[in-house]
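Each chain, letter by letter, is given below.
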Amino acid sequence: MTDYAAAPIQPIVQGLLTVAVVAGTPTPTFMGKGVSSVTRTVTPTVPPDIIYTLILDEGLPGNAGELQPSQLIVGPPAVLIPQPDARTLINIRGSLLNSVIGGTSIVATGVTYAQPTPGGDGGFTAVLFVFTDTTPAAVDPMDPVASGVEIIIWKGLGGGAVA
Amino acid sequence: MTDYAAAPSEPIVQGLITIMTPQTGLPFPSFSGCGVSSIIRTPPGLPLFGNLAGDYLLTLDEGLPGDVAIDPIFGRSFLTIRGSLSNPIHLSTPIDQKSISYVASPSPGVFVAGPLPGIGSNVVRVVLAVSATGLATDPDGTDGSGCEIVIWRGNAGPDSYSTNLTGPLFAPTLIG
């Protein structure tokens, strides 16, 4: 078989994020590999934010539990490419309780890479997700909006900037 | 370990599209990653009717193995928008339409809609849009912080195999 794999990517996270109401509060669970904890944060802003934070597993080979924070591209102009190596694939699982049976109300997902606790060698150890509907408003990927989120995160290796 | 890789995927492009605004004040796209030799905004007018903002032409790197001008039927890809801190819903994005198409460039600066016979598609077009406005939109500012892109060449299975199935699937077998 011809090897077309010219741009290698290496998965460091794969799993399913689900949310269930526990003691009246939506509580997230991550089932998979590469994540050591998951949290749900609601901020008292207008409109409110609902942010899911996945902390990468420090124990992965190649120190895969963090992402390179930035890469300086020598110009002109000199620019700082943020988290150049991160690639994330998200698929929303449909809900049987959605108005479109088996569908989802989530229309957009924002992915952000962050360093929740400064320290170490400066790598980014958290991946944040925000799901929004057509309102637009932040929503939880749970019934009737959705039935969870499949997540794969890769490290893209090598390459540089072109314009 | 059991090998479950029954449908291998071979990435030919992986990278991050960001929008830069140099001293001229005119935003232009930048690609950081592998497999792309240039990126421009799709110009308006024939033949591609580009939207400028949120509409990009990525030329595949000629130096990649297999002469990666791709046959569109083998193209497999995903696009992920990075969230914006300046959006009213922090770290979210209003971009809810992400599409990819395969075009071609027979010579520098010349583009045609669709692959070229004997060559394939050596250019990938990415369009990002907001359905609420109906406009193609850069993943920049309040609309995002870049767009991740990965393209595979899906090459498992017979190249020319196709079939039309008429349901229901798994119908009971009639005996006798």
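Model, not experiment: these values are computed from the prediction. (Residues numbered from 1 in each chain as written. Chains lettered and ligands numbered in written order. Predicted model: local features only at pLDDT ≥ 70, side-chain atom pairs only at ≥ 80, totals over all residues. Heavy atoms only, no water.)

**Quick word on the overall build of chain B**
Line of reasoning, step 1. Check the secondary structure of chain B and you find zero helices and 10 strands.
Line of reasoning, step 2. Mapped in sequence order, the helices and strands of chain B form the string β-β-β-β-β-β-β-β-β-β.
Line of reasoning, step 3. Here chain B, with 176 residues, has 47% of them falling under the buried criterion.
Line of reasoning, step 4. The contacts of chain B with a sequence gap of at least 6 include a subset with a gap of at least 24, amounting to 59%. (Helix = DSSP H or I, 4+ residues; strand = E, 2+ residues; numbered from the N terminus. Buried < 20%, exposed > 50% of the residue type's maximum accessible area, 1.4 Å probe, protein only. Contact = heavy atoms within 4.5 Å.)

**Things to note about the overall build of chain A**
Line of reasoning, step 1. Summing up its helical and strand segments, chain A has zero helices and 11 strands in all.
Line of reasoning, step 2. Buried residues in chain A amount to 47% of all 163 residues.
Line of reasoning, step 3. Look at the contacts in chain A between residues 6 or more apart in sequence, and 54% of them connect residues 24 or more apart.
Line of reasoning, step 4. Accessible surface, chain A as shown: approximately 7,800 Å² in total, 59% of it carbon and sulfur. (Areas by Shrake-Rupley, 256 points an atom, 1.4 Å probe, with all protein chains shown as cover.)

**Notes on the environment of A:Thr132**
Line of reasoning, step 1. When you line up the elements, A:Thr132 lands in strand β9 (residues 126-132).
Line of reasoning, step 2. For A:Thr132, a relative accessible area of 3% translates into the label buried.
Line of reasoning, step 3. Distance in space between the C-alpha atoms of A:Thr132 and A:Pro69 is 26 Å, their sequence separation being 63 residues.
Line of reasoning, step 4. Beyond its immediate stretch of four places on either side in the chain, A:Thr132 contacts A:Ser105, A:Ile106, A:Val107, A:Ala108, A:Ala137, A:Ala138, A:Val139, B:Ile89, B:Ser92 and B:Thr93.

**So, the pairing of strand β6 (residues 97-107) of chain B**
Residues and elements named next belong to chain B.
Line of reasoning, step 1. Where β6 and strand β8 (residues 123-130) come together, seven bridges link them in antiparallel fashion. Each residue of the ladder has a partner; that of lysine 98, found in β8, is leucine 128.
Line of reasoning, step 2. Across two bridges, the pairing between β6 and strand β7 (residues 110-112) is antiparallel. Note that in β7 the partner of alanine 104 across the bridge is valine 112.
Line of reasoning, step 3. If you look at the hairpin formed by β6 and β7, you'll find two residues sitting between the two strands, and glycine 109 has a positive phi there, around 80 degrees. (Pairing = 2+ DSSP bridges.)

**Points about the interface of chain A and chain B**
Line of reasoning, step 1. The interface of chain A with chain B comprises 47 residues on the first partner and 44 residues on the second.
Line of reasoning, step 2. Both faces combined, the contact of chain A with chain B buries some 3,500 Å², and carbon together with sulfur accounts for 63% of it.
Line of reasoning, step 3. Applying the counting rule to chain A against chain B returns zero salt bridges.
Line of reasoning, step 4. Counting every contact that joins chain A to chain B gives nine residue pairs in polar contact (both at pLDDT 80 or more).
Line of reasoning, step 5. Those elements that provide at least two residues to the side of chain A that touches chain B are β4 (49-56), β6 (79-82), β7 (86-92), β8 (108-114), β9, β10 (149-156) and β11 (160-162) of chain A. (Buried area = accessible area lost by both parts, 1.4 Å probe. Salt bridge = Lys/Arg side-chain N within 4 Å of Asp/Glu carboxyl O. Polar contact = N/O pair within 3.5 Å; in protein donor to acceptor, adjacent residues only side chain to side chain.)

**Description of the packing of aromatic side chains**
Line of reasoning, step 1. Evaluation of the coordinates by the stated rule reveals five aromatic pairs over all chains.
Line of reasoning, step 2. Taken together, a centroid distance of 6.3 Å and an interplanar angle of 5 degrees make the contact between A:Phe129 and A:Phe131 stacked.
Line of reasoning, step 3. A relative accessible area of 0% places A:Phe129 in the buried class.
Line of reasoning, step 4. Centroid distance A:Trp154 to B:Trp152: 5.9 Å. Interplanar angle 65 degrees. Geometry classified as edge-to-face. With A:Trp154 in strand β10 and B:Trp152 in strand β10 (residues 147-154), this pair bridges two chains. (Phe/Tyr/Trp six-rings, centres within 6.5 Å; stacked < 30°, edge-to-face > 60°.)

**Some words on the sheet that holds strand β2 (residues 25-33) of chain A**
The strands that make up a sheet pair up through hydrogen bonds in the backbone, lying either parallel or antiparallel.
Residues and elements named next belong to chain A.
Line of reasoning, step 1. Ordered in space as β2-β1-β10-β7, the four strands form an open sheet in which the pairing is antiparallel. Looking at strand neighbours, the two that pair on one side only are β2 and β7, the edges of this open sheet. Sheet twist, expressed as the average angle between the axes of neighbouring strands with direction ignored, equals 25 degrees.
Line of reasoning, step 2. Looking at chain direction, strand β1 (residues 9-22) and β2 are connected through nine bridges and run antiparallel. Its bridge partner lying in β2, leucine 16 is registered against methionine 31. (Axes fitted to C-alpha atoms, helices over the stretch in contact; angles between N-to-C directions.)

**Re the pairing of β9(A)**
Residues and elements named next belong to chain A.
Line of reasoning, step 1. β9 sits mainly inside the fold: seven of its seven residues count as buried.
Line of reasoning, step 2. Side chains of β9 alternate between two faces, with Ala126, Leu128, Val130 and Thr132 and Val127, Phe129 and Phe131 buried alike.
Line of reasoning, step 3. As paired elements, β4 and β9 share four bridges and run antiparallel to each other. By the bridge assignment, isoleucine 55 is partnered in β9 with alanine 126.
Line of reasoning, step 4. Sheet analysis places β8 next to β9, joined by seven bridges and oriented antiparallel. The residue of β9 that forms the bridge with threonine 112 is leucine 128.

**A look at the sheet that holds β4(A)**
Residue and element names in this part refer to chain A.
Line of reasoning, step 1. Taken together, four strands build an open sheet; the order of strands is β3-β4-β9-β8 and the sheet is antiparallel. Sheet topology places β3 (35-43) and β8 at the edges, where each strand pairs with a single neighbour. When strand polarity is set aside, the average angle formed by the axes of neighbouring strands in this sheet is 20 degrees.

**A word on the nonpolar core**
Line of reasoning, step 1. A:Leu67, A:Val127, A:Phe129 and A:Phe131 are the most contacted members of the largest nonpolar core, which totals 36 residues.
Line of reasoning, step 2. Of all elements in the fold, only β1, β3, β4, β7, β8, β9 and β10 of chain A reach the threshold of two or more residues within this core.
Line of reasoning, step 3. Sorting elements by how many residues they give to this core places β9(A) first, with six residues.
Line of reasoning, step 4. When residues no more than four places from it in sequence are discounted, the contact partners of A:Phe131 are A:Leu17, A:Tyr52, A:Ile92, A:Ile106, A:Ala108, A:Thr109, A:Ala137, A:Ala138, A:Val139, A:Pro141 and A:Val149.
Line of reasoning, step 5. Within the second largest apolar cluster, 23 residues are counted, among which are B:Ile12, B:Ile70, B:Ile149 and B:Ile151. (Core = buried A, V, L, I, M, F, W, Y, C linked by side-chain atoms within 4.5 Å.)

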